[in-house]
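# Observations on the three-dimensional arrangement
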Amino acid sequence: MAKLTILQYYVLTCLFLPGGKIEENMDKTERRPNAKAASLRWEILRQALLRPNSSMETDKHSASATKCISRKTNHGFNLIPSQLVDKDSNSRDATICYTLPINGSPKLFLTQRMDDGADLSDFEISNRYNIDNTGLVCHWPSEDVLAYFCLCHAEMFRSKTVIELGSGYGLAGLIIAATTEASEVVISDGNPQVVDYIQRNIDANSGAFGSTKVKSMTLHWDQEGTSDMCNNFDVIVASDCTFFKEFHKGLAHTVKLLLRNSGTSEALFFSPKRGDSLDMFLEEIEKNGLNSCVAENYDTEVWMRHQEFMHGDNSWPSYEKNHCYPLFVRVTL
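The numbering scheme is per chain: residues are counted from 1 as the chain's sequence reads. This being a predicted model, a pLDDT of at least 70 is required before a residue's local features are given, and a value of 80 or more before pairs of side-chain atoms are given or counted; all residues contribute to the totals for chains, interfaces and linings. Where side-chain values are given, they derive from all heavy atoms of the structure, hydrogens and water being excluded.

This brings us to helix H11 (residues 277-287). Accessible area is worked out with a 1.4 Å probe on protein chains only. A residue is then buried under 20% of its type maximum, exposed over 50%, and partly exposed in between. Put simply, DSSP H or I for four residues or longer makes a helix, DSSP E for two residues or longer makes a strand, and each gets a number counted from the N terminus. The complete set of buried residues in H11 reads Ser277, Leu278, Phe281, Leu282, Glu284 and Ile285. Seen from one end, H11 has its buried residues packed into an arc of 155°, which puts them on one side. Of the exposed residues in H11, those oriented more than 90 degrees away from the buried face are Glu286 and Lys287. Among the residues trailing H11, glycine 289 stands out with phi positive, at a value near 75°. Directions pointing from the helix axis toward each C-beta atom define the arc.

Right under this line is the structure:
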C-alpha cells in the first residue's frame, strides 16, 4: 500500500470517516449497511489518492466499479448539444463547443477539465477556503437544466442585473449573457481555481455578449464577501448549490443580501432533493424572511427526459430521482 502523506490522511479522515462531509451529507437511504456500495466508495478515494501510480488495467476496473454508484454523468439531460473541439495534450483541459438549440443563438466555447482524477492541491484549496471542489469535477446535470431554462425564458433577464452563484464553468451565466440582453451578468464561484476557468470562458466568448457587461467573481457565501453588493441584483440563478448542509445558512443569507429590494427581484434555484438537504435549505430561506415555491414539472422537455430515465432509458445508469432530477425553486423577498 502506498504511504499516505499527512494531507492524504487528512482528506481520508475529513471526507470519508463517520462525521466527515461525505458521511453527514449522504441521504439516509445510503447509510444502511451495504458492503458493496461501501467498497465502491473506497474505490473513488483510491482513484483520487493513488492515480499517479495505478496501472491502466486497475484504472479500468475502478472506473467500471465507481460507475455503479457515481451520480456524475457525461451527458445528463442532454438539453444543449455539445462536442469536444480541442484537447490539450499537455494539460488536463479541453474545449467544449455548446450549440444552443434556438435559431440565431451563438455557439459557446468552454474550457474545462476533462480527466476523472483530483489533485491533492484541489483538496488543499478546498480546505483553505472552506469550499467544495465539485465545480472542477464536470459540467453537472442541474447546470444543464438551468442553462436550458434561461435560454427558453430570455424575457426574464432582459435589461436585468444577474448573478450566478456556484457557477462551475459558467455555462448558464454565459448563456444569459449571450442570449437574453441582460444589462449585466456576474458569474461567480467560491473556488478561485474555478473562477480562473470562468474568466477564460468569458474572454473566449466575449464577442457573443453584445452590450451586456460580463465579469467573473470569487464569491464566498458569507456576509463579509457580499456586503458591498447589497441590493445589487434583479435575478440570482444557481444550480445544485444546496447539497452541502454546512453552506445553507451562508447561501440563504447571501440571497437575501444580493437581491434588489424591489417587488420583481427573484432567485431561481435548480436542485435535486438529495434526501432532506433541499428541505433544510428552504427552512433557512424562511428564517431569512424570504418566500419560496417549489415546482416539479416546470418544463415539458425536461419532464419528458426525466420520465424516460425513470422508465427504461439506460443511457444514465445511476439515475435516481432524489439525487438527479432538479426541482425548480423560486425565491422572492
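Each aromatic pair joins two rings of Phe, Tyr and Trp (for Trp, the six-membered one) with centres within 6.5 Å, and gets the label stacked for planes under 30 degrees apart, edge-to-face for over 60, and tilted for any other angle. Summed over the entire model, instances satisfying the criterion amount to 19 aromatic pairs. Note on phenylalanine 77 and tyrosine 325: the rings are 6.4 Å apart at their centroids and 70° apart in plane angle, and the pair reads as edge-to-face. Pair noted here: phenylalanine 77 is in the loop between helix H4 (56-67) and strand E1 (82-87) and tyrosine 325 is in the loop between helix H13 (321-324) and strand E10 (327-332), with a separation of 248 residues, a long-range link. The exposure class assigned to tyrosine 325 is buried, which follows from its relative accessible area of 1%. When the centroid spacing of 5.3 Å and the interplanar angle of 90° are considered together, the rings of tyrosine 169 and tyrosine 197 count as edge-to-face. Linking tyrosine 169 in the loop between strand E4 (161-165) and helix H7 (171-179) with tyrosine 197 in helix H8 (residues 192-204), this pair joins segments that are 28 residues apart in sequence.

Should the charged atoms of two oppositely charged side chains come close, the side chains can pair. We define a salt bridge as a contact between a side-chain nitrogen of Lys or Arg and a carboxyl oxygen of Asp or Glu at a distance within 4 Å. Under the counting rule described, the total for this entry stands at ten salt bridges. For aspartate 240, the salt bridge identified is with arginine 274, shortest N-O distance 3.1 Å. Of this pair, aspartate 240 sits in the loop between strand E7 (235-239) and helix H10 (248-258) while arginine 274 sits in the loop between strand E8 (266-271) and H11, and the two are 34 residues apart along the sequence. Arginine 274 gets classed as buried once you look at its relative accessible area, which sits at 11%. Its salt-bridge partner being glutamate 266, residue arginine 330 comes within 2.7 Å of it at the nearest N-O pair. Within this pair, whereas arginine 330 is found in strand E10, its partner glutamate 266 is found in strand E8, the two being separated by 64 residues in sequence.

What follows covers the nonpolar core. The criterion is simple. A nonpolar core is a set of buried Ala, Val, Leu, Ile, Met, Phe, Trp, Tyr and Cys residues joined through side-chain atoms within 4.5 Å. Ranked by internal contacts, the top residues of the largest apolar core, which has 76 residues, are Phe157, Leu165, Val255 and Phe269. Sequence-distant contacts of phenylalanine 157, that is, excluding residues within four places in its chain, are made with Cys150, Val162, Ile176, Thr180, Glu181, Ala182, Val235, Val237 and Leu268. Throughout, a residue-residue contact means that at least one pair of heavy atoms, one from each residue, lies within 4.5 Å.

Take the packing of H10 against H11 next. Here an axis means a line fitted to C-alpha atoms, over the contact stretch when the element is a helix, while the angle between two N-to-C directions is reported on a 0 to 180 degree scale. At a minimum axis distance of 9 Å, the contact between H10 and H11 shows a crossing angle of 45°. In this view, H10 runs oblique relative to H11, as classed from their interaxial angle. At the point where H10 passes H11, the crossing takes the right-handed sense. Along its contact with H10, which presents His248, Lys249, Leu251 and Ala252, the element H11 presents Ser277, Met280, Phe281, Glu284 and Ile285. Following the grouping adopted for this structure description, the nonpolar residues are Ala, Val, Leu, Ile, Met, Phe, Trp, Tyr, Cys and Pro, the charged ones are Asp, Glu, Lys and Arg, and the polar ones are all others, Gly among them. Of the residues that constitute the contact of H10 with H11, the class distribution is five nonpolar, two polar and two charged. When describing relative orientation, an angle under 35 degrees is termed roughly parallel and one over 145 degrees roughly antiparallel, while 65 to 115 degrees is termed roughly perpendicular and anything else oblique. A crossing counts as left-handed when the near helix is turned anticlockwise from the far one by less than a right angle, and as right-handed when that turn is clockwise.

Any functional reading would require information beyond the geometric quantities listed.
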